[in-house]
Amino acid sequence: MPKSLRLYDTASAEMVATEPDQATARMYVCGITPYDATHLGHANTYVAFDLANRVWRDLGLDVNYTQNVTDVDDPLLERAEATGQGWEELAESQIELFRSDMTDLRVIPPENYVGAVETIACVVEIIEQLLPSGLVYQVEDDEHPDWYFNSVNATGFGGVSNLDAEQMLSVFAENGGDPERPGKRHPLDSLLWQFAREGEPSWSSPLGEGRPGWHIECVAISLKYLGTHFDVQGGGSDLAFPHHEMCAAQAITASREPMAKAFVHSGMVALDGEKMSKSKGNLELVSRLRHAGADPMAVRLALLDNHYRSDWEWNASLLSRAEKRLELWRSVRNNGTALPAAGLIDQMRTALRDDLDSPSALQSVDAWVAGSLAIDSDDTGAIADMVTAVDALLGIKL
Ligand code: 5CA
Ligand code: ZN
């Protein structure tokens, strides 16, 4: 059995063994922008990184898991404006819903769950640390001389996503960038600090009255809570570029150390042929399924039946398949007969340590359950061991 967790690193395009320092694994996973309810795409991403957390814990490591919440940003302000709610009130209600959805899905909460708003002083400090690099400038705009970072000239830029300039430009605008902003030195330069616009929240700082750009938020929070060169920077594959590319460039410029040892990305969940997204509205919500009577453990099992790196499409039959599977697994608990559990537990550990191969782990449990239902024994110890391992490793409570 492998002695460490191996994960696919987007930056090196290789499988890498995670080797945490001092018995603590350090992981940052990009959190939600809280303007709408948790959909199954988000859930899939947080369940994926929850598996990494569980594998490390099973290996006897402590885990410093840090996650941000982008509690001030354009989509949140736009939605608040459109619905006539206060932006803080909207964020607070969606954060609460997200946390209860994560609890339902038995995602172990991060050690540090940190908002952008509470980190503003730290963001300003990091931008000030970037100033001597010569890569920071203000656009020529009398009213809004926003601060930008000349990303393309930063050390290692391009090394996370491995995209060429043309590919970068084509995804930049789609994923939150502003290539057309007049006055930028390069279309791919990223916003660090945005001057206050009419009617928007802002904070006073030596940089001017304004609010943070997106990437620097994750740089500031990860540096503060995890330091440099931490084990895993994670999120959905839509964040590889520009978000994680820009974060890595800003972090290395500010700290002179690489941001993370591995950049790990989960696949995209689709609905109706397109990536599930709050902005398009093609969503299936964890909370809606729950209210319709779905067992959250079946929802989690349906997610785990896909490898975390694959892109896949949600449909209701995946849930009914998972419900049947859950019922069968639970029937062993009541049945009272079981095969020895040690082999099964080894198989689950091996599968999960190998780039979180949850579909294989689930198949091992299926085979053990089928075998256990077919024999006649009263090995209740094995049943208890299996129930504990399925809970600890897969987060499925039987
Ligand atoms: N607040 C930023 C990250 S700093 C953000 O991207 N927020 S989000 O609410 O848009 O997305 C939260 C997380 O869910 C991100 O890791 C994103 O990659 C992931 N995600 C969003 N849509 C999907 C999807 N359809 N399938 C899988 N993961 C998704
Ligand atoms: Zn982020």
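Keep in mind that this is a model prediction, so the values were computed, not measured.

1. A short note on the site of ligand 1
Stage number 1. Inspection of the region around ligand 1 gives 24 residues, with G31, T45, T70, D238 and K278 positioned closest.
Stage number 2. Contact between ligand 1 and G41: a nitrogen atom at 3.1 Å from a main-chain N or O atom of the residue.
Stage number 3. In this structure, T70 approaches ligand 1 through a side-chain N or O atom, which is 2.7 Å from a nitrogen atom.
Stage number 4. For ligand 1, the protein covers 94% of the area, taking 600 Å² as the surface of the free molecule.
Stage number 5. In this structure the site holding ligand 1 corresponds to the largest pocket.
Stage number 6. Put simply, the parts of the chain that give the shell around ligand 1 at least two residues each are α1 (40-58), α6 (214-226) and β10 (230-236).
Stage number 7. Among the elements that take part in the shell around ligand 1, α1 stands out by supplying four residues, more than any other.

2. What to know about the layout of surface pockets
Stage number 1. Computed from the structure, the largest pocket encloses a volume of approximately 1,300 Å³.
Stage number 2. Surrounding the largest pocket, 46 residues form its lining, N175, G176, W214, D238 and L239 being those nearest its centre.
Stage number 3. For the lining of the largest pocket, the elements supplying multiple residues, two or more each, are α1, α2 (74-83), α5 (165-172), β8 (190-195), β9 (210-212), α6 and β10.
Stage number 4. When residues of the lining of the largest pocket are assigned to their parent elements, the largest contribution, four residues, is made by α1.
Stage number 5. When its residues are assigned to classes, the lining of the largest pocket shows 15 nonpolar, 21 polar and 10 charged.
Stage number 6. Empty space within the second largest pocket amounts to approximately 200 Å³.
Stage number 7. In terms of lining, the second largest pocket is formed by D74, L77, E78, A80, E81, Q85, W87, E198, G199, E200, P201 and R211.
Stage number 8. Ranked by residues supplied to the lining of the second largest pocket, first place goes to α2 with five residues.
Stage number 9. Here the lining of the second largest pocket is built from residues that sort into four nonpolar, two polar and six charged.

So, how was this worked out
- Residues numbered from 1 in each chain as written.
- Chains lettered and ligands numbered in written order.
- Predicted model: local features only at pLDDT ≥ 70, side-chain atom pairs only at ≥ 80, totals over all residues.
- Heavy atoms only, no water.
- Near = heavy atom within 4 Å.
- Polar contact = N/O pair within 3.5 Å; in protein donor to acceptor, adjacent residues only side chain to side chain.
- Areas by Shrake-Rupley, 256 points an atom, 1.4 Å probe, with all protein chains shown as cover.
- 1 Å grid on protein atoms, 1.4 Å probe; cavity = no way out; pocket = protein on both sides within 12 Å on 5 of 7 lines; lining within 4 Å.
- Sits in = over half its atoms within 2 Å of the grid points.
- Helix = DSSP H or I, 4+ residues; strand = E, 2+ residues; numbered from the N terminus.
- Points joined across faces, edges and corners; volume = space filled by probe spheres on them.
- Nonpolar A, V, L, I, M, F, W, Y, C, P; charged D, E, K, R; others polar.

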